[in-house]
Amino acid sequence: MSVASPSSSALFKLLKGKRELILNIISPLLMLLAWEIAAQMGWIDVRFFPAPSKIFNTLLKLIESGALWRHLSASMQRLFWGFLFGGIPALLLGIAMGLNRTFRAVLDPIVSATYPIPKSAILPLILLIFGLGEASKIVMVAVGIFYPILINTVAGVLEINAIYFDVSRNFGARGWQVFRTVAFPGALPLIMTGIKLGVGMGLILISLAEMVGAKSGLGYMMWNAWEILSVETMYVGLLVIAALGIVFTLVLTEIERLIVPWKVTR
Amino acid sequence: MNMAQQPIAATGAGADDIKIRMSELSKVFETRKGPFVAIDQLSLEIPQGCFFMIVGPSGCGKTTLLRILAGLESQSSGELIINQPKTSQRPGNSMVFQGDSLFPWMSVFDNAAYGLRMRRRPVAEINEIVGHYLARTGLRKFRDSYPHQLSGGMRQRVSIARAFANDPDILLMDEPFSALDEQNKLLLQEELLKIWEETRKTVMFITHSVDEAVTLGDRILVMSAHPGRAKSIVDVPFARPRSVLELRARPEYGEFVYHIWGHLRDEVDRARALDEASAS
C-alpha cells in the first residue's frame, strides 16, 4: 500500500483538474453501452436502432473501402470554402456595423429580416441560382455561417468599453489601426462564440445540401443509405457528423484559449 | 462668489511661456431635461512646465474639461489655444485615464508601447523608451503579463508608463489614483513626481483630493459645480523636488490644505444642497 500510494496520488493529481473532462468522455460512452445492451436484449427495434457494435462494423467497412474518406473530405472541403466565403465577409461587415452608427442603422433591419428565414427554405432558390454543382453547397454553408458570426461580431464590438476607443483616439490610432488594435481584439471573445455557432450551423446545412443533387459528401452518403435501406450507414453518417461537432468544438475552444488569453474563465 | 466670473490671469509668467490658454470656454450638453451647462465660461492660462491641478466637487466639469483638452470632446463656445511649436514631432497630449483603461488583450509592454506604435516609431526606439519607463515604474519583470494578472496599482503604473513613453507635449491625468488604496496612492504619487522631474512636462491633473492637489501641484484651480466655473487659483508654495511623506509631515502643509479646503467647502455644501433640491 505504501509503495502504491505515491503513484496513485500522482494519478489522482493528474485527474483532479480534469474531472469535467472525464465526465465529458464517460457520459456518451455510458449512453452507447446502454444502447448496445438494449439492442442485444431486443428491447428496441434493431431495424431502426441497430446495435452500436453493428454500426461500428459498418464504419470499419466504409473506412476500408475508402468511401467514408471520400465523402468526409468532400464535405470538409465544402465546409472550409463556405466558412471562408461566409465568415470573412461576416467578420468585416460585423466590425464595420459595430463601429459605424450609420452602417448599423442601414443594415440592422435587413439583417433582422433575413436572419430568421430558415436556411433550409432557401435551398431550392440557391439550387436554382447556383446549380447542382459545388457552388450551391458552398453557398449554403456560407449563408449559414454568415449570420451567427455577423450578429456576434456586431454584439462583440458594441460590448467594448468606450474607454478603449477613447484611449486609441488619444494615442493617435486612426482607421485601420482602431480596427486592428481595439475593435477586432475587443470583439474576439464573441467572434469566437459566433464561429462555434456558425460551424454547427454549417454542419447542419452541408448535410442537408448534400442530400439534394450531390454525388458525394456525408449528406449524400446518408441519403443514399436511405434509398438502399442501409440503416447502419445512416448511423455511421450521424456518428461522423457528431464526432466532427465534438472535434470542432474542442479545437475551437483550444484556439480560443490561445488567442483570447485575457478572457480566462478557468 | 463673484470672482468666479472674472477671468483669472496667470501670474509670474510671460506670454510666450503660456502653454494652454482658454478664454470663456463653455460646454453645454443637450439632455432630455434640457441643456446642462458642464463648464461655464472658463478662462485660464497655464504656463509651460506647470504641474497644474484642478480640484473640485464631482459634477464640476473637470473631466469634461480634460476631455476637451484631449480632443475627445469639443467645446460649445469659447477659445482654446494650445501653444505647440510647429516643428515639434511630439503628440499634443497623452491622457492617463481614470480607472481601468489598459487594453486587456495586450501585454504590459504592448500597452505601454501603444502610442509609439500608432505613430509608427522604429522598433529599436520603442524598445528603448518603453523599456526605460517600465523600469522606472518597476514593471520590467511584468512586461509580458496581461493586465488581468496585475494589481490595480500596477495597472495604473502601466497607464502612466504608456503616457510618458508617448512623450507628449502635455500630460493629462484624470484622477489616476482615485481607485487605489492609501499606500498605493502614496507610492504612485511619489513615483509620478520622480518621473515628472526627469522631463518637467506641462501636466494637467484632475483630482477630488485636496491632499493630492497640494502634494503634487504647482498651482491649483478650485472649481465650483453646477455649472463648472473657476472659483479660485492658488499657487502651491512648496519647493521641488518634493518627497510626499516629508512634505506631509510639515506643519505648513496642513495649514495650506486647510486653506484650500476653505475655498472648496462652501462649493461642496452648495453642490450637495443642489443635489438634494433636485432629488426631492
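So, a few notes on the structure that sits alongside this text.

Conventions and cut-offs
Residues numbered from 1 in each chain as written. Chains lettered and ligands numbered in written order. Predicted model: local features only at pLDDT ≥ 70, side-chain atom pairs only at ≥ 80, totals over all residues. Heavy atoms only, no water. Helix = DSSP H or I, 4+ residues; strand = E, 2+ residues; numbered from the N terminus. Rg over C-alpha atoms; globule rule 2.2 N^0.38 Å. Areas by Shrake-Rupley, 256 points an atom, 1.4 Å probe, with all protein chains shown as cover. Pairing = 2+ DSSP bridges. Axes fitted to C-alpha atoms, helices over the stretch in contact; angles between N-to-C directions. Salt bridge = Lys/Arg side-chain N within 4 Å of Asp/Glu carboxyl O. Buried < 20%, exposed > 50% of the residue type's maximum accessible area, 1.4 Å probe, protein only. Core = buried A, V, L, I, M, F, W, Y, C linked by side-chain atoms within 4.5 Å. Contact = heavy atoms within 4.5 Å. Buried area = accessible area lost by both parts, 1.4 Å probe. Nonpolar A, V, L, I, M, F, W, Y, C, P; charged D, E, K, R; others polar. Parallel < 35°, antiparallel > 145°, perpendicular 65-115°, else oblique. 1 Å grid on protein atoms, 1.4 Å probe; cavity = no way out; pocket = protein on both sides within 12 Å on 5 of 7 lines; lining within 4 Å. Points joined across faces, edges and corners; volume = space filled by probe spheres on them. Left-handed = near helix turned anticlockwise from the far one by under 90°.

## Focus: the overall build of chain B
Secondary structure assignment for chain B yields nine helices and nine strands. Against the compact-globule benchmark of 19 Å for 280 residues, chain B has a radius of gyration of 19 Å, which places it among compact chains. Taken over the C-alpha atoms alone, chain B extends approximately 55 × 45 × 40 Å along its principal axes. With an accessible surface of roughly 12,900 Å², chain B has 50% of that area assigned to carbon and sulfur atoms.

## Details of the overall build of chain A
Counting its secondary structure elements, chain A contains eleven helices and zero strands. Order of helices (α) and strands (β) in chain A, N terminus to C terminus: α-α-α-α-α-α-α-α-α-α-α. Since a compact globule built from 266 residues should have a radius of gyration of about 18 Å, the 23 Å found for chain A marks it as more spread out than a globular shape. Taking the principal axes of the C-alpha coordinates as reference, chain A spans close to 70 × 70 × 30 Å.

## Section: the sheet that holds strand β1 (residues 18-31) of chain B
Residue and element names in this part refer to chain B. Strand order in this open sheet of three strands is β2-β1-β4, and the pairing throughout is antiparallel. Only two strands of the sheet have a single partner each, and these edge strands are β2 (34-47) and β4 (77-82). For this sheet, the mean angle separating the axes of adjacent strands, direction not counted, is 20 degrees. Note: β1 against β4, five bridges, orientation antiparallel. Residue pairing across strands places Arg21 opposite Ile81, the latter belonging to β4.

## Observations regarding the pattern of salt bridges
Residue and element names in this part refer to chain A. Tallying each qualifying case throughout the model produces 25 salt bridges over all chains. For the salt bridge of Lys196 with Glu256, the shortest nitrogen-to-oxygen distance reads 3.0 Å. Taken together, the residues span a long stretch of sequence, with Lys196 in helix α9 (residues 176-211) and Glu256 in helix α11 (residues 231-259) at a distance of 60 residues. Given the relative accessible area of 28%, Lys196 is considered partly exposed.

## Focus: the nonpolar core
In this structure, B:Met22 and B:Met204 are the most contacted members of the largest nonpolar core, which totals 82 residues. Looking at this core element by element, the count peaks at twelve residues for α9(A). Dropping the residues within four chain positions of it, B:Met204 is found in contact with B:Ile20, B:Met22, B:Ile46, B:Phe52, B:Ile54, B:Leu65, B:Leu66, B:Leu69, B:Leu171, B:Leu172 and B:Met173. Listed in part, the 50 residues of the second largest apolar core include B:Phe51, B:Val108, B:Tyr133 and B:Val158.

## Topic: the interface of chain A and chain B
Across the contact, 20 residues belong to chain A and 26 residues belong to chain B. Counting each side, the surface lost to burial between chain A and chain B is near 1,900 Å², with a carbon and sulfur contribution of 64%. Those elements that provide at least two residues to the side of chain A that touches chain B are α8 (162-170) and α9 of chain A. If one sorts the elements of the side of chain A that touches chain B by residue count, α8(A) sits on top with seven residues. Looking at the side of chain A that touches chain B residue by residue, the classes come out as eleven nonpolar, six polar and three charged.

## Thoughts on the packing of helix α2 (residues 19-40) of chain A against helix α3 (residues 52-65) of chain A
Residues and elements named next belong to chain A. Running from N to C, α2 and α3 point in directions that differ by 105 degrees, and their axes come no closer than 8 Å. With respect to α3, the axis of α2 lies roughly perpendicular. Taking contact as the criterion, the partners of Leu32, Trp35, Glu36 and Gln40 in α2 are, on α3, Pro52, Ser53 and Ile55. Split into classes, the residues belonging to the contact of α2 with α3 amount to four nonpolar, two polar and one charged.

## Thoughts on empty space enclosed by the protein
All names here are of chain B. Inspection of every chain in the model, using the stated rule, returns two cavities of 30 Å³ or more. Taken as a whole, the largest cavity spans an internal volume of roughly 50 Å³. The wall of the largest cavity is formed by Glu175, Phe177, Ser178, Lys185, Thr207, His208, Ser209 and Glu212. Residues that form the lining of the largest cavity fall into these classes: one nonpolar, four polar and three charged. If you add up the space inside the second largest cavity, you get close to 30 Å³. As for the second largest cavity, its lining consists of Thr137, Arg157, Ile160, Leu188, Glu191, Leu192 and Ile195. Contributions of two or more residues to the lining of the second largest cavity are made by α5 (152-165) and α6 (182-199).

## As for the packing of helix α5 (residues 101-114) of chain A against helix α7 (residues 134-159) of chain A
Residue and element names in this part refer to chain A. The interhelical angle for the contact between α5 and α7, taken along N-to-C directions, is 140 degrees, at an axis separation of 12 Å. Here α7 runs oblique to α5, going by the angle between their axes. Seen from above, α5 lies across α7 with left-handed handedness. Contacts from Arg104, Val111 and Thr114 in α5 reach Tyr147, Leu150, Ile151, Val154 and Leu158 in α7. Residues that form the contact of α5 with α7 fall into these classes: six nonpolar, one polar and one charged.

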